Amino acid sequence: MSFRRIDIHAHLNFSAYNADREEVINRALEGGTAFINVGTDNVTSRESVELANKYEKGVYAIVGRHPADNVDEIFDPAKYRELLKHPKVVGIGECGLDYFHILPGGAEKQKNTFIAQIELANEFSKPLMLHVRDAYDDALAILKSHANVVGDVHFFAGTIEQARAFLDIGYTLSFTGVITFAKQYEELVEFVPLDMIQAETDCPFVAPAPYRGKRNEPSYVSEVVSKISQIKKLPVDNIEKALLINAKRMFGIDL
Ligand SMILES: [Zn+2]
């Protein structure tokens, strides 16, 4: 099996796929799309590892605790250390800061949980899969003072300045299907260098055009790739190759 592209951020373990998970996965793999399934707590992280272990090639896992305050779990590194021993686990996340989904006084707790996951990433030399919402500057400060590893900023929606600051410390920026229908991303996609950009679906959420409003899936990452090619005015082939190289480098994947 040879892969043309990779969706670096998917949630195939979510219940949205209970009826046809295998079909969705096979559609991706047979169409040349590999993907990384990302956990949001210990249960979904464990499911991501199980899913990755079911397939010989093309399915990977990232394990961690989502920063939002509606995730009901106190982060326990021991539970994640065990998952990190699996060779298909290629990163830690999604972790970060989410000041949109926050309870009063929640920032300190979010910061501590984030730092604990950065320390785990340092310990295992694994990249971070960052979820940052309304908190780019705080996340940057924490990374600069704690992280010895790099990573990817998932669903990047910051300013050009913030993009530059993440790029300067070696973080790639990934974009979802939102760029296929929201014009305000064009400048950002144009700005991020070809060797520092990644594509993702964040499925089942935010399906790209022409699937808007429907359930999303990893094979639709091709729409994100073609939008990047359109914005950067480069052939799809070149973009696909560059994105594969970026993902392999960041996550140590051998595709
Ligand atoms: Zn996600």
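Preceding block: the structure.
Right, let's walk through the structure included here. The model shown is predicted, which means the values in this text are computed figures rather than measured ones. (Residues numbered from 1 in each chain as written. Predicted model: local features only at pLDDT ≥ 70, side-chain atom pairs only at ≥ 80, totals over all residues. Heavy atoms only, no water.)

### Re the coordination of the zinc ion
Note the following rule: Distances decide who is a donor: an N, O or S atom must be within 2.8 Å of the metal, or within 3.2 Å for Na, K and Ca. Water is not included, so sites may look incomplete. Donor angles set the geometry label: tetrahedral for four donors if every angle is between 85 and 135 degrees, square planar for four and octahedral for six if opposite donors exceed 155 degrees and the others are between 65 and 115, irregular for anything else. The secondary structure listing takes helices from DSSP runs of H or I that are at least 4 residues long and strands from runs of E that are at least 2 residues long, numbered from the N terminus. Classification of residues uses two cut-offs on accessible area relative to the type maximum, computed with a 1.4 Å probe and protein chains only: under 20% is buried, over 50% is exposed, and between them is partly exposed.
Taken together, the protein donors to the zinc ion comprise H9 (NE2), H11 (NE2), E94 (OE) and D202 (OD), at separations of 2.1 to 2.7 Å. The coordination sphere of the zinc ion comprises four donor atoms, whose angles at the metal cover 86 to 177 degrees; the geometry is irregular. Here the donor residues of the zinc ion share one chain and are spaced in sequence as H-x1-H-x82-E-x107-D. Pair noted here: H11 is in the loop between β1 (5-10) and α1 (21-30) and D202 is in the loop between β8 (197-199) and α8 (221-232), with a separation of 191 residues, a long-range link. In this structure D202 comes out as buried when scored by relative accessible area, which is 7%.

### Some remarks on the sheet that holds β1
Selection criterion: A pair of strands is treated as paired once DSSP finds two or more bridges between them. With axes taken as lines fitted to C-alpha atoms, and helix axes fitted only over the stretch in contact, angles between N-to-C directions fall between 0 and 180 degrees.
Strand order in the open sheet formed by eight strands is β1-β2-β3-β4-β5-β6-β7-β8, with parallel pairing between adjacent strands. Bordering the open sheet on either side are β1 and β8, each of which pairs with just one other strand. Geometrically, the sheet is characterised by an average inter-axis angle of 30 degrees between neighbouring strands, direction not taken into account. Of the pairings in the sheet, the one linking strand β2 (residues 33-38) to strand β3 (residues 59-63) comprises four bridges and is parallel in character. Each residue of the ladder has a partner; that of F35, found in β3, is V59.

### What to know about the nonpolar core
Counted only if it meets this: Put simply, buried Ala, Val, Leu, Ile, Met, Phe, Trp, Tyr and Cys residues joined by side-chain atoms within 4.5 Å make one nonpolar core. The criterion used for residue contact is that any of the two residues' heavy atoms lie within 4.5 Å.
If you look at the biggest cluster of nonpolar residues, it comprises 81 residues, and the most contacted ones within it are I36, L128, L130, F166, F175 and F251. Examining the composition of this core, we find that six residues originate from one element, helix α9 (residues 236-251), more than from any other. In contact with F251, not counting residues within four places along its chain, are I8, I36, I62, V90, P127, M129, D152 and Q198.

### A short note on helix α2 (residues 42-54)
Going by this rule: A helix is expected to reach a length of 1.5 Å times the quantity of its residues less one. Polar contact is the term for a pair of N or O atoms within 3.5 Å; when the atoms are in protein, one must be able to donate a hydrogen and the other to accept it, and sequence-neighboring residues count only if both atoms are side-chain atoms.
For α2, built from 13 residues, the straight-helix expectation of 18 Å at 1.5 Å per residue is met to within 8% by its first-to-last C-alpha distance of 19 Å. Restricting attention to buried positions, one finds in α2 the residues N42, T44, S45, S48, V49, L51 and A52. Next to the buried residues of α2 lie α1, β2, β3, α3 (77-84) and β4 (89-98). With a side-chain oxygen positioned 3.1 Å from the backbone nitrogen of V43, the residue opening α2 is D41.

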